[in-house]
Number of protein chains: 2
Amino acid sequence: MAQLRIALAQVNSTVGDLDGNADRIVDWARRASDAGAHLVAFPEMTLTGYPVEDLALRASFVEASRRALERLARRLADEGLGDLPVVVGYLDRRAAALVRAGQPAGAPLDGAAWLHRGEVLVRSAKHHLPNYGVFDEYRIFVRGDRLPVVRVHGVDVATVVCEDLWQDGGPVSVTRSSGAGLLLALNASPYERDKDDVRLELCARRAREAGCALAYVNLVGGQDELVFDGDSVVVGADGTLLARAPRFVEHLLVTDLALPAAGPAPADRAQVDARDGTTITIERHVASPDPVPAYPVEPQTVAEPLEDLAEVYAALVLGTRDYVSKNGFRSVVLGLSGGIDSALVATIASDAVGPENVHAVLLPSRYSSEGSVIDAEDLVKRQGISSRIVPIAGMVEAFEAQLDLHGLAAENLQARIRANVWMALSNEHGHLVLTGGNKSELATGYSTLYGDSAGGFAPIKDVFKLTVWELARWRNARNRSGLPFLHPFAEEPIPEAIIEKEPSAELRPGQRDTDSLPPYSVLDPLLSDYVERDMGRDALVAAGHAPALVDRVIRLVDIAEYKRRQYPPGPKITPKNFGRDRRLPITNRWRENP
Amino acid sequence: MAQLRIALAQVNSTVGDLDGNADRIVDWARRASDAGAHLVAFPEMTLTGYPVEDLALRASFVEASRRALERLARRLADEGLGDLPVVVGYLDRRAAALVRAGQPAGAPLDGAAWLHRGEVLVRSAKHHLPNYGVFDEYRIFVRGDRLPVVRVHGVDVATVVCEDLWQDGGPVSVTRSSGAGLLLALNASPYERDKDDVRLELCARRAREAGCALAYVNLVGGQDELVFDGDSVVVGADGTLLARAPRFVEHLLVTDLALPAAGPAPADRAQVDARDGTTITIERHVASPDPVPAYPVEPQTVAEPLEDLAEVYAALVLGTRDYVSKNGFRSVVLGLSGGIDSALVATIASDAVGPENVHAVLLPSRYSSEGSVIDAEDLVKRQGISSRIVPIAGMVEAFEAQLDLHGLAAENLQARIRANVWMALSNEHGHLVLTGGNKSELATGYSTLYGDSAGGFAPIKDVFKLTVWELARWRNARNRSGLPFLHPFAEEPIPEAIIEKEPSAELRPGQRDTDSLPPYSVLDPLLSDYVERDMGRDALVAAGHAPALVDRVIRLVDIAEYKRRQYPPGPKITPKNFGRDRRLPITNRWRENP
């Protein structure tokens, strides 16, 4: 056996920020070097950020990524880090591009490179391209067909990229025959609730298939609608968990491994059947041939798992923080109604960007209850955020002097006037607008287009109403618990009165959510099955939902989806937590319940 | 040779409307039968509408399509049309679905079926799946691997679907060896400017490759952001154009062909190398074995081509009409400023849904010129649309009483108040909101989020400003020309004063577009190269655009795109005429000109 100290740099990169991402790679490579690592690996596409989507189709961006990679290799050497092999994801292109219809322009590759002594030692690219859920990679990438195996201090280390682990065949399937002692996987795997266990099982299974230890390094951070949770892991050849990074934070996971020493070097190249109808070329290089002298190992890190609500809350805070900062904002503005949704959004915002950067606006109308303003002001005081009151009665009257509106038209007007106010404050002061819609009301259309749904980021758009309450209670209970993503308020940040009150839009006298919607205790499970699991009417009934309720809710969701698509919408509703919009037609006459 | 009268039913179906589309198929099959056709073919996915996008992933929808196909076969027979072979596109699934990661759920197929004597005679599916531009078909379909060859009155007729023509290899490449006398292609090919010539050349080339006549039937109609233009054609085995349907209207193209009589029937099935790494199964069936007795042929239809601006205008009218009607609206509301953009949108709307269904609202502010209201009222009178004046000064003052706004914040407020008014009228009266932004101003961000960009459909979002003027002049010149997509107004519908005036947003005193933007004569060609052709900075300069202007416009477009993505946006800007949004990240720090 040979000893190897590997470092997995679980970092937060930003799409398009080639210089900033390169700085970050150099910084974390130095930390790895300082920790005595023999190898440092970064996540998938760290140099460009992930996902780049259609930017991959712009030739000037692909070239910029390729040049940045070579510059990075030289700079690492110039800064004294040349002897440390650095494995990093970037955007490349296939050299001999097949020009044919249906191929992505320029044949872009989701690349992985080994940098060593000022040079790019070897390049490879993701073989299996995910093209489901939030991924569209057949649109923007062509597949890689190579498994690089690099000898590092006498250990053969193979590299693959993300989806290569999730599908059978391809480079992982030829790893055992390559004789690698370690399989390194670079990932950009977005957060979904409960996905951490799935990933760990996958890594264990692939380690056993490859017959060697497996190191999995994942991106961390919010990027547009996605959140990456880190959760980098190292497992042994038998699938045993050896080390695990904490989630939702940047981290350098340093692990001492005892790995099989490589045998005599075989041929530089070999072509192997990849059991998926393709052939993989195993390409061998040597960074350093001989094992290191024996050294004492450090204790391994195995991060404690987060409880379920902590995981969700941490994702919301990180997603909000990075959306604000990566889009160049430092502060946020939001409407505070005295209800639970805007209260939770204000609290997430305080945790994400600091209470001093949160600007609340209270917009009472003639239908707002006195309690609403009192409760909102109580929250402002507890959290120390700034606030102002802008009564909307005069604006509503100015519209009503010109227009004769009734029912929903009159209700929507109030919501749109409120949106005008926060957009005006955003334009005047440069705050990003946060909007408060939850997944239950967005899915059922219980909101106003260009009104309460208007804003730059909707922190709780993927959170059903029952979970909104759960998170509010959880956040109050964990105040001052020391969790790193919670601001330590002096007292519970959310007034109990806000959590206890019956939900109401307060757009007409005595209005209650239950006037328009079923109770959330039956609505939310049904929405989850219909929106997130795409179950049809019959399947929903078979799953135990009451038929009349199924028909009513399907109608609400389909009409809401239809309206969101007819009109450039407020925040989109997604099939998975933190997913991307479902691609459904705007016009669609087909109904589950005709 | 054997005679065959084929009918291509260039119809307008609606996504999801299985019953309505089936009615339409029966109706047009009867017309084909009445015209003495021996075979009628419908476009790709006529039964479900196209594109179905992620609906293909919902099992209940796939099953509904399959059941609707079988019902349709029985109904055709019940209504006395059973002896007429009907070829129709629908949504199917692969029977033995491979369950593996990365495959679309349920293995959906973009199917084509022959219906005959109450039965589904044979099913096949699109082999080449487009996955670029507006298409995402790797996401939702698996590939077909069959070429059906059906003997109809002694002629062997093969069928393929759309993209199978556009790419090399696959079913078209094995058609010659199948001995087919006619290749039938079912299409849903969206309109792009100047695409008609490309399609005809493609059909001619594939006919020569297949060694037989080729009949190409295309969908017509607007569907969400796409417009299908019809343009169905028949070419001979040497590529000669034999018949061509008019564009942008439903049409039954009936053509008498003299085709090679089929030889003695070979084996029912044969597997052939498809020259693209796959194998295609040729599957033979017999609808009617013997040629028809000789009969006198009818003259062929070859529709006159449309001039360039007529083609664009017809697409705008059809896209608007179908967006309104397929979304269940009958009337539209729009803000009429007295400027050229809203004037053209009003005219398109009058042509699309009739002047009696167009409701204009004039929203003068303290900065509106007197001429603007006069010119808008002149247009209202010329077109006979309904209108009302809603001055916004009082509403602006009500906001200003509460908020101290400056510069852009104050300008945006006015645009958002106007949007509130037309959204309120939409909610109160059930009109769809049309919005007036053109491609030049949307691309450069010269519009207000939730303001002038708010609305359900933006008829001219894909039209650059120079083309807006061209279309307005063209529309006036062609008034009462008899073109079927123009309403015959008594006088020119657009006042000359509106076409002649210098463009201004009128949000502050003396404002002109050229305060913020380069002249449209240099802006528009540059936007076309940057937005539509995705050229990078260096390529733009090499193409002859002034470097300083390139840098300025790239900055405008990137910032506008960035803002549209940060905020749930107004109408999206697209890389192709009538295309779908570019998939670019919201956060993107990479700039062409750093």
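These numbers come from a predicted model, not from an experiment.

The rules behind each value
- Residues numbered from 1 in each chain as written.
- Chains lettered and ligands numbered in written order.
- Predicted model: local features only at pLDDT ≥ 70, side-chain atom pairs only at ≥ 80, totals over all residues.
- Heavy atoms only, no water.
- Axes fitted to C-alpha atoms, helices over the stretch in contact; angles between N-to-C directions.
- Helix = DSSP H or I, 4+ residues; strand = E, 2+ residues; numbered from the N terminus.
- Parallel < 35°, antiparallel > 145°, perpendicular 65-115°, else oblique.
- Left-handed = near helix turned anticlockwise from the far one by under 90°.
- Contact = heavy atoms within 4.5 Å.
- Nonpolar A, V, L, I, M, F, W, Y, C, P; charged D, E, K, R; others polar.
- pLDDT = per-residue confidence, 0-100.
- Expected span 1.5 Å × (residues − 1).
- Buried < 20%, exposed > 50% of the residue type's maximum accessible area, 1.4 Å probe, protein only.
- Pairing = 2+ DSSP bridges.
- Polar contact = N/O pair within 3.5 Å; in protein donor to acceptor, adjacent residues only side chain to side chain.
- UniProt positions renumbered as here; feature names shortened; annotations may be inferred.
- Domains from an automatic or database assignment.
- Buried area = accessible area lost by both parts, 1.4 Å probe.
- Salt bridge = Lys/Arg side-chain N within 4 Å of Asp/Glu carboxyl O.

Student: How should the packing of helix α1 (residues 18-34) of chain A against helix α2 (residues 59-78) of chain A be read in this particular structure?
Tutor: All names here are of chain A. One can describe the packing of α1 onto α2 by two numbers: an axis separation of 10 Å at closest approach and a directional angle of 30°. Taken together, α1 and α2 sit at an angle that is classed as roughly parallel. Of the two elements, α1 crosses α2, and the hand of that crossing is right-handed. For the pair α1 and α2, contact is made by L18, D19, A22, D23, I25, V26 and A29 and by F61, A64, S65, A68, R71, L72, R75 and L76, respectively. Among the residues forming the contact of α1 with α2, the class breakdown is 10 nonpolar, one polar and four charged.

Student: Would you mind showing me how to read the confidence of the model for chain A here?
Tutor: Detailed reading of predicted coordinates is not advised where the pLDDT is low. The share of residues in chain A with pLDDT of 70 or more is 93%, and the mean pLDDT across the chain is 91. Counting contacts from residues 568-583 of chain A, a segment whose pLDDT is below 50, to residues more than four positions away or on other chains yields 84 contacts.

Student: Looking at this model, I keep getting lost on helix α13 (residues 465-477) of chain B. Mind explaining?
Tutor: Residues that lie three or four places apart on an α-helix share one face, since the helix turns once every 3.6 residues. Residues and elements named next belong to chain B. A rise of 1.5 Å per residue sets the reference length of α13, with its 13 residues, at 18 Å; its end C-alpha atoms lie 19 Å apart and thus fit the reference within 8%. Inspection of α13 places K465, T467, V468, W469, L471, A472, W474, R475 and N476 among the buried residues, and these make up the whole buried set. At its buried positions, α13 is contacted by α7 (308-326), α8 (340-353), α12 (439-444), α14 (496-500) and α15 (520-532).

Student: What am I meant to see in the sheet that holds strand β4 (residues 108-116) of chain A here?
Tutor: Residues and elements named next belong to chain A. Across the sheet, which stays open at both edges, the six strands sit in the order β5-β4-β3-β2-β1-β14 with mixed pairing between neighbours. Both outer strands of the open sheet, β5 (119-125) and β14 (251-259), are each paired with one neighbouring strand and no more. The mean angle between the axes of side-by-side strands here comes to 30°, regardless of whether they run parallel or antiparallel. Here β4 pairs with β5 via six bridges, running antiparallel. Paired with H116 across the two strands is E119, which belongs to β5. Strands in contact with α2 are β3 (86-93), β4 and β5; relative to β3, the strand with the most contacts, it is inclined by about 155°.

Student: Just to check I follow, could you spell out the side chain of N438(A) for this structure?
Tutor: Residues and elements named next belong to chain A. Secondary-structure assignment places N438 in the loop between β20 (432-433) and α12 (439-444). Judged by relative accessible area, which is 0%, N438 ranks as buried. A distance of 3.0 Å separates the side chain of N438 from the side chain of D341, its partner in a polar contact. For N438, the residues in contact, after removing those within four places along its chain, are D341, I460, K461, V463, K465 and V468.

Student: I tried to follow the UniProt feature "binding site: L-glutamine" (unreviewed entry) in chain A on my own but got confused; where do I start?
Tutor: Residues and elements named next belong to chain A. Here the UniProt feature "binding site: L-glutamine" (unreviewed entry) sits at Y132, S189 and K195. Of note, S189 is situated in the loop between β8 (182-187) and α6 (195-210). Beyond its immediate chain neighbours, meaning those up to four positions away, S189 contacts C162, W166, K195, R199, Y216, N218, F228 and D229. Looking at S189, its side chain comes within polar contact range of the side chain of R199, at 3.0 Å. With respect to the element layout, K195 can be found in helix α6. On the basis of relative accessible area, K195 is assigned to the buried category, the value being 11%. Leave out the neighbours within four places in its chain, and K195 touches W166, S189 and P190.

Student: What is the right way to look at the environment of D83(A) in this model?
Tutor: Residue and element names in this part refer to chain A. Within the secondary structure, D83 is located in the loop between α2 and β3. Excluding residues within four positions of it along the chain, D83 makes contact with H116 and R117. Among the polar contacts made by the side chain of D83, one reaches the side chain of R117 at a distance of 3.0 Å.

Student: Is there a simple way to explain unusual backbone geometry in this structure?
Tutor: Most of the time, phi is negative for any residue but glycine, and the peptide bond is trans. Residue and element names in this part refer to chain A. Residues Y50 and P51 are joined by a peptide bond in cis, for which omega reads -5°. With respect to the helices and strands, P51 occurs in the loop between β2 (39-41) and α2. With a phi angle near 50°, A107 is a residue other than glycine that sits in the positive phi range. Looking at the element boundaries, A107 is found in the loop between β3 and β4. Not every positive phi belongs to a glycine, and D534 is a case in point at roughly 60°.

Student: So what exactly am I meant to see when it comes to the domain arrangement of chain A here?
Tutor: Quite often, the size of an interface is put as the accessible area lost when its parts meet. All names here are of chain A. Domain boundaries assigned for chain A yield domain 1 (2-288) and domain 2 (308-512). Taking the mean C-alpha position of each, domain 1 and domain 2 sit 40 Å from one another. On the side of domain 2, 14 residues touch domain 1, which itself brings 18 residues to the contact. When domain 1 packs against domain 2, close to 1,200 Å² is buried across both sides, 51% of that on carbon and sulfur atoms. In this assembly, domain 1 and domain 2 are joined by two salt bridges. The salt bridge partner of D308 is R193, with a shortest N-O separation of 2.6 Å. At the surface where domain 1 touches domain 2, the tally comes to nine residue pairs in polar contact (both at pLDDT 80 or more). When contributions to the side of domain 1 that touches domain 2 are tallied by element, the ones reaching two or more residues are β10 (220-223) and β11 (226-229). By residue number, the principal contributor to the side of domain 1 that touches domain 2 is β10, which donates four residues. When the residues that make up the side of domain 1 that touches domain 2 are grouped by side-chain class, the tally is five nonpolar, six polar and seven charged.

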